[in-house]
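So you can see what is in the structure, the chains are spelled out below.
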Amino acid sequence: MTGRRHILSTTVSSVLPATHRRVRATALSAAAMTACASLAAGCGSIPGMSASTDDAIKVMTWAPQGTSATNKPGMPAIASAYVKWLNSRGGIHGRKLKLITCNDHNSSVGAANCAQRAVDQNVVAVVGSYSQFGDSYFAPLEGAAIPYIGGYGASNEEFTSPVSYPVNGGSLTLLAGLGEALADTCGPVTLVRPDSIAGDQLPQLLDSGLQAAGHAKATDQLAAEDLTEYDQQSQKALESAASDSLRTGCVVPELGDRTATFMDSFQRARQDHPKVKTAAEIGSVDQTVINSTGGASGPYEGSYITGWYPVASDPRWDEMKKVISKEAFGDNRIDPADAGVQTTWIAYQVLTAALEKTGDDGASADSVRRALNDGLKVSTGGLTPTLSWPYQGKLAAAGFARLVNTDVNVQTVKGGLLQSANKQALDMTKILESADLS
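Everything in this summary refers to the structure shown in the same document. (Residues numbered from 1 in each chain as written. Predicted model: local features only at pLDDT ≥ 70, side-chain atom pairs only at ≥ 80, totals over all residues. Heavy atoms only, no water.)

### Focus on the packing of helix 5 (residues 170–183) against helix 6 (residues 202–212)
Piece 1. At their nearest, the axes of helix 5 and helix 6 sit 6 Å apart, and the two run at 45 degrees to each other. Considering the angle they form, helix 5 stands oblique to helix 6. Relative to helix 6, the crossing made by helix 5 is right-handed. In this structure, helix 5 uses Leu172, Leu175, Ala176, Leu178, Gly179, Glu180, Leu182 and Ala183 to contact helix 6, whose residues at the interface are Leu202, Leu205, Leu206, Ser208, Gly209 and Leu210.
Piece 2. When grouped by side-chain class, the residues that make up the contact of helix 5 with helix 6 number 10 nonpolar, 3 polar and 1 charged. (Axes fitted to C-alpha atoms, helices over the stretch in contact; angles between N-to-C directions. Helix = DSSP H or I, 4+ residues; strand = E, 2+ residues; numbered from the N terminus. Parallel < 35°, antiparallel > 145°, perpendicular 65-115°, else oblique. Left-handed = near helix turned anticlockwise from the far one by under 90°. Contact = heavy atoms within 4.5 Å. Nonpolar A, V, L, I, M, F, W, Y, C, P; charged D, E, K, R; others polar.)

### Focus on helix 5
Piece 1. Helix length check: helix 5 (14 residues) gives 21 Å between terminal C-alpha atoms against 20 Å at 1.5 Å per residue, within 8%.
Piece 2. Burial within helix 5 is extensive, with 13 of its 14 residues counted as buried. (Expected span 1.5 Å × (residues − 1). Buried < 20%, exposed > 50% of the residue type's maximum accessible area, 1.4 Å probe, protein only.)

### Comments concerning the state of the cysteines
Piece 1. Taken as a whole, this structure holds 2 disulfides when the rule is applied.
Piece 2. One disulfide bridge connects Cys102 with Cys114, the sulfur atoms lying 2.3 Å from each other. Taking the sign of the S-S torsion, about -85 degrees here, the bridge from Cys102 to Cys114 comes out left-handed. Here the residue Cys102 occupies a position in strand 3 (residues 97–102), and Cys114 occupies one in helix 3 (residues 108–120), the gap between them amounting to 12 residues.
Piece 3. When its relative accessible area of 0% is taken as the criterion, Cys114 is described as buried.
Piece 4. In this model, Cys186 is linked to Cys250 through a disulfide, with the two sulfur atoms separated by 1.9 Å. Every disulfide takes its handedness from the sign of the S-S torsion; for Cys186 and Cys250 that torsion is -75 degrees, giving left-handed. Here the residue Cys186 occupies a position in the loop between helix 5 and strand 7 (189–194), and Cys250 occupies one in strand 9 (residues 250–253), the gap between them amounting to 64 residues.
Piece 5. Note on Cys186: relative accessible area 0%, which makes it buried. (Disulfide = S-S within 2.5 Å.)

### Some words on the nonpolar core
Piece 1. Counting 104 residues, the largest nonpolar core has Leu97, Ile149, Leu182, Tyr348, Leu351, Leu372 and Trp389 as its most contacted members.
Piece 2. The element best represented in this core is helix 11 (residues 339–358), accounting for 11 residues.
Piece 3. Residues in contact with Tyr348, not counting those within four places in the same chain, are Val59, Met60, Thr61, Ala79, Tyr82, Val83, Leu99 and Val127.
Piece 4. Listed in part, the 18 residues of the second largest apolar core include Trp62, Cys114, Tyr148 and Val163. (Core = buried A, V, L, I, M, F, W, Y, C linked by side-chain atoms within 4.5 Å.)

### Quick notes on the pattern of salt bridges
Piece 1. Summed over the entire model, instances satisfying the criterion amount to 10 salt bridges.
Piece 2. Between Arg268 and Asp231 there is a salt bridge, with its nearest N and O atoms 3.4 Å apart. Here Arg268, found in helix 8 (residues 259–269), pairs with Asp231, found in helix 7 (residues 231–241); they are 37 residues apart in sequence, far enough to count as distant.
Piece 3. A residue is classified by how much of its surface remains accessible, and Asp231, at 38% relative accessible area, is partly exposed.
Piece 4. The network of salt bridges with common partners includes Lys72, Asp286 and Asp338. (Salt bridge = Lys/Arg side-chain N within 4 Å of Asp/Glu carboxyl O.)

### What about the side chain of Gln132?
Piece 1. Of note, Gln132 is situated in the loop between strand 4 (125–127) and helix 4 (134–144).
Piece 2. Note on Gln132: relative accessible area 7%, which makes it buried.
Piece 3. Here Asn106 takes part through its side chain, which lies 3.4 Å from a polar atom of the side chain of Gln132. (Polar contact = N/O pair within 3.5 Å; in protein donor to acceptor, adjacent residues only side chain to side chain.)

### Here's the deal with the pairing of strand 9
Piece 1. On strand 9, burial covers both faces: Cys250 and Val252 on one face and Val251 and Pro253 on the other are all buried.
Piece 2. Pairing between strand 7 and strand 9: 4 bridges, direction parallel. Across the sheet, Val192 pairs through a bridge with Pro253, a residue of strand 9.
Piece 3. Relative to strand 10 (residues 277–281), strand 9 is paired through 2 bridges, and the arrangement is parallel. Bridge pairing in strand 10 links Val251 to Thr278.
Piece 4. Viewed along the sheet, the connection from strand 9 through helix 8 into strand 10 turns out right-handed. (Pairing = 2+ DSSP bridges. Right-handed = clockwise from strand over helix to strand, strands pointing away.)

### Focus on helix 4
Piece 1. In terms of burial, helix 4 is a largely internal element, 9 of the 11 residues being buried.
Piece 2. Buried residues of helix 4: Gly134, Ser136, Tyr137, Phe138, Ala139, Pro140, Leu141, Glu142 and Gly143, and no others.
Piece 3. Where the residues of helix 4 are buried, they touch strand 2 (57–62), helix 3, strand 4, strand 5 (148–149) and strand 6 (164–165).
Piece 4. One or two positions beyond helix 4, positive phi appears at Ala145, with a value near 55 degrees.

### Digging into the environment of Glu327
Piece 1. Along the chain, Glu327 turns up in helix 10 (residues 318–327).
Piece 2. Relative accessible area serves as the criterion here: at 18%, Glu327 is assigned to the buried category.
Piece 3. Through-space distance from the C-alpha of Glu327 to that of Val83 is 9.3 Å; in sequence the pair is 244 residues apart.
Piece 4. Setting aside its immediate chain neighbours within four residues, Glu327 contacts Ala81, Lys84, Trp85 and Ser88.
Piece 5. Engagement of the side chain of Glu327 in a polar contact is seen with the side chain of Lys326, the distance being 2.8 Å.

Any functional reading would require information beyond the geometric quantities listed.
Next up, the structure:
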């Protein structure tokens, strides 16, 4: 599974507007810097990516790799392919890009190390990156005024920090969209979620979509965060979802790292119960997860999945696939169906548009940030709505001033593959504006 912390993290008050830290970045401790240096795969430039002069425009992409939990190696890999492709076309205003990568190792210290390296290397932006630890890496970036373009949406700070420029709506949009999608197709809906403060916010998001479409609220089923098996929880969820003999019920597991463990128990238990469907959001279940759990014979066959972007088979991804074929042929880290790869591709399109706007002023973190703040509108070829980041975004009143893309694409698993289930994306703005997130 993705293993990320949910977007609504730490405290109930985290969904309310916050005053952000505007501190100057400080050097990390010698111990932390030593730790980063000792991790051979942690920080470094992509081999062969160094520009021949000091005039290169430095950018950074980070993601966890080689860990026992979430790994996103495709994100720095597609960043490398994009930079090679862009440089082969002459770069930006005649200047080449130099990609620096970093591995946050799924730790707060690792995330802080990556951010400090970005500051030390004087990068113009951190682009298309994944980390759960926004509270660790945004302080150095804010202090140095380095823009963070197109994070995965794995922490609240991505939708509140003044230096963040997200390209998707995180789990906020996906859960609300999932509720709306399930309203017409499901009987009773059961949400299985952690018994935690962060988990307490999930029912409101799912229910906002369900109720907006005229469906009853989901049954809220809690599960301890440290379980190693979910036999009892699976039985209970199946009984609840199958309580209406006239309509097929749906079970929505939203358990982070433990979702895979739950699905193992659920797959065994469902054989002795009336048929129910499962549903999820792309932050928890994507094509790679579907493949690893059996594809067409796995637990997600027939499931509804909400995602940020069109399915991978959509022709709007053709340019990305051509770049992968040209610059990263045979690199099995890059799966065009992976949401992290897709997010990074879109984020680099945003960076390119911002750099092109800087013109003769030169490329710097300040000039990229000014371009993004001054009303730059970025077309992504229909993969997202036209992107722009006003000072106060669509959901500023709900405490997420930087959230500008509220589109959700509904997908379903057929034959083990994610396929589109709606003709056009759902806009979650109004639903989230009226959602009770308190």
